[in-house]
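Spelled out, the chains give:
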Amino acid sequence: MTFTVYVDDNYNYMDETRRRKLGEFKTYQTAAAAAKKVVDTFLLEHYKPGTTAEDLFSGYRGYGEDPFIMGEEPENKSEIFSAWAYAEQRCKEICNPTSSAHNNSKST
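Reading guide: rules and limits
- Residues numbered from 1 in each chain as written.
- Predicted model: local features only at pLDDT ≥ 70, side-chain atom pairs only at ≥ 80, totals over all residues.
- Heavy atoms only, no water.
- Helix = DSSP H or I, 4+ residues; strand = E, 2+ residues; numbered from the N terminus.
- Buried < 20%, exposed > 50% of the residue type's maximum accessible area, 1.4 Å probe, protein only.
- Contact = heavy atoms within 4.5 Å.
- Pairing = 2+ DSSP bridges.
- Phe/Tyr/Trp six-rings, centres within 6.5 Å; stacked < 30°, edge-to-face > 60°.

## Here we look at the environment of leucine 43
Step number 1: Topologically, leucine 43 is positioned in helix 1 (residues 28–46).
Step number 2: Exposure remark for leucine 43: the relative accessible area of 0% places this residue in the buried category.
Step number 3: Remark: the alpha-carbon pair of leucine 43 and tyrosine 60, spanning 17 residues in sequence, is separated by 7.1 Å.
Step number 4: Those residues in contact with leucine 43, other than ones at most four positions away along the chain, are Leu56, Tyr60, Ala87, Arg90, Cys91 and Ile94.

Written out as structure tokens, the structure reads:
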């Protein structure tokens, strides 16, 4: 079984002509890691010191890339990847002044 990651554009919501295929992965976990990297890339490129988590997340919702995974969902529903939920969590981490997450492109 393979898992395919596609990436939509939040700015062009529901315009499938803007969709791109990121790749195919052997496990759900590797597909989710690739999808998280897409979100992290946008957030880290748009973060500026002093940006609030709310402002960064708002920018993501309006203009960020929205990856999703096609394939059989994991049995544990808490492992299902949601780009918006992940982005919201990462915005809080990145914008936390005591966190070094904005200098780290790895998923947490």
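There's plenty left to go through after this.
## As for the pairing of strand 1 (residues 3–9)
Step number 1: Extensive coverage of strand 1 is indicated by the burial of five of its seven residues.
Step number 2: Where strand 1 lies against strand 2 (residues 20–25), five bridges are found, and the strand directions are antiparallel. Note that in strand 2 the partner of valine 7 across the bridge is arginine 20.
Step number 3: Here six bridges tie strand 1 to strand 3 (residues 65–70), and the two strands are oriented antiparallel to one another. Bridge pairing in strand 3 links threonine 4 to methionine 70.

## A word on the packing of aromatic side chains
Step number 1: Applying the stated criterion across every chain yields a total of seven aromatic pairs.
Step number 2: Judged by centre distance (6.5 Å) and plane angle (15°), the rings of phenylalanine 57 and tyrosine 60 are stacked. With phenylalanine 57 and tyrosine 60 both in helix 2 (residues 53–63), this residue pair falls three residues apart, about one helical turn. In this structure, phenylalanine 57 and tyrosine 60 share a single accessibility class: buried.
Step number 3: Pairwise contacts between aromatic rings join Phe42, Phe57, Tyr60 and Trp84 into one cluster.

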